[in-house]
Amino acid sequence: MGKTYERMDGRLRTFIEAQPLFFTATAPLSEQGTVNLSPKGLTGSFAVLDERTVAYLDFAGSTAETIAHLRENGRITLMWCAFQGPPNIVRVHGRGEPVFRDDPRFEELLGHFATIDPASHGLRAIIVVTAELIRDSCGYAVPYMSYDEDRDLHGRRFAREDDASLSAYFTKKEHIATSLDGLPGLPLPLPPSTV
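Below you will find a few notes about this structure. Within each chain, residue numbers correspond to sequence positions counted from 1 in written order. Confidence filtering applies because this is a predicted model: local features only for residues at pLDDT of at least 70, side-chain atom pairs given and counted only at 80 or more, and all residues used for totals across whole chains, interfaces and linings. To obtain the side-chain values, all non-hydrogen atoms of the structure were used and water was disregarded.

### Thoughts on helix α1 (residues 10-18)
Note the threshold: Partly exposed describes any residue whose relative accessible area lies between the buried limit of under 20% and the exposed limit of over 50%, with all areas from a 1.4 Å probe on protein chains only and scaled to the type maximum. A helix here means a DSSP run of H or I that spans at least four residues, while a strand means a run of E at least two residues long, and both kinds are numbered starting from the N terminus. Think of it as the arc spanned by the lines of direction from the helix axis to the C-beta atoms. What makes two residues a contact is simply this: any of their non-hydrogen atoms within 4.5 Å.
Along α1, the positions that sit buried rather than exposed are L12, F15 and I16. Summarising the axial view, the buried residues of α1 lie within an arc of 95 degrees, below the 170-degree limit, and thus occupy one face. Within α1, the exposed residues directed more than 90 degrees away from the buried face are R11, T14 and A18. Contacts made by the buried residues of α1 are with β1 (3-5), β4 (46-50), β6 (75-81), β7 (89-100) and β8 (125-137).

### Let's talk about the pattern of salt bridges
Here is the rule we go by: Whenever Lys or Arg places a side-chain nitrogen within 4 Å of a carboxyl oxygen from Asp or Glu, that contact is recorded as a salt bridge.
Summed over the entire model, instances satisfying the criterion amount to nine salt bridges. Of the charged contacts, one joins D103 and R105 as a salt bridge, the two residues approaching to 2.8 Å between their closest N and O atoms. Overall, R105 belongs to the partly exposed group, its relative accessible area being 37%. Between R157 and E161 there is a salt bridge, with the nearest N and O atoms lying 2.6 Å from each other. You can call R157 partly exposed: its relative accessible area is 24%. Via salt bridges that share partners, E97, D103 and R105 belong to a single interconnected network.

### Some remarks on the state of the cysteines
To keep things clear, this is the line we draw: Pairs of cysteine sulfur atoms within 2.5 Å are what we label disulfides.
Here the structure, examined in full by the defined rule, presents zero disulfides. In this structure C81 is not part of a disulfide, and its nearest cysteine sulfur, from C138, lies 11 Å away. Exposure remark for C81: the relative accessible area of 7% places this residue in the buried category.

### A word on the packing of aromatic side chains
Each pair of aromatic rings is reported with the distance of its centres and the angle of its planes. The cut-off we apply is this: Note on aromatic pairs: the rings of Phe, Tyr and Trp (six-membered ring only in Trp) are paired at centre separations within 6.5 Å, and the planes decide the class, stacked below 30 degrees, edge-to-face beyond 60, tilted for the rest.
Across all of its chains, the model carries six aromatic pairs by this definition. Between F22 and Y56, the aromatic rings sit 5.4 Å apart at their centres with planes inclined by 70 degrees, giving edge-to-face as the arrangement. One end of the pair, F22, is in strand β2 (residues 22-26); the other, Y56, is in strand β5 (residues 53-58), with 34 residues separating them in the sequence. As far as the burial class goes, F22 and Y56 line up, both buried. Judged by centre distance (5.5 Å) and plane angle (70 degrees), the ring pair of F46 and W80 falls under edge-to-face. One end of the pair, F46, is in strand β4; the other, W80, is in strand β6, and 34 residues separate them in sequence.

### Overview of the pairing of β4
Condition: Here, a strand pair is defined by DSSP locating no fewer than two bridges between the strands.
Bridge analysis of β4 against β5 gives four bridges, and the strand direction is antiparallel. By the bridge assignment, A47 is partnered in β5 with A55. Turn length for the β4-β5 hairpin, with the two strands adjacent in sequence and antiparallel, is two residues.

Below you can see the structure in the form of structure tokens.
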């Protein structure tokens with residue numbers, strides 16, 4: 001049923017890159033902390049950097065739990081499910097890091113996402129994940145569902161923001177600079193965007 005892989009290449013990479021949706025899971029070190037599970041989509045916002053490293057664009061949202069957990073302990077799991085075609089689930093367990101807009105690596109990493117306009121989505125960071133364990137499983141119980149298209153609501157909402165208004169928006173939100181569990185989240189104010 002399940003198999004462990006040394007790297008993301010060939011069939012595995014093709015499967016991951018073809019999925020329009022994936023999930024991220026993180027948690028703080030505290031036993032009383034909140035486990036966070038988030039769906040991620042938007043065509044062009046995910047990239048395989050090499051056989052053991054992936055990245056995705058972290059856009060404006062109502063909290064910054066993933067960023068807070070990664071800043072505290074780095075643990076993250078990404079999961080893809082086949083909602084069409086042969087059943088399959090792939091999980092990448094690894095260490096993640098938020099690369100913020102003022103990081104010298106930011107611009108080079110952004111070059112991996114040429115098919116999406118990050119400025120129209122309130123780009124906060126690029127999350128880079130280095131795989132420690134790569135596994136797949138059958139996915140026999142995952143239902144068939146069709147992908148029609150990306151929603152345009154996120155882009156329409158955040159395209160009207162500039163750096164100053166986006167920082168003001170994040171500052172007003174309760175769980176952006178500080179997580180639900182009181183951990184440091186997104187550093188504010190946002191550094192100027194290079195995009």
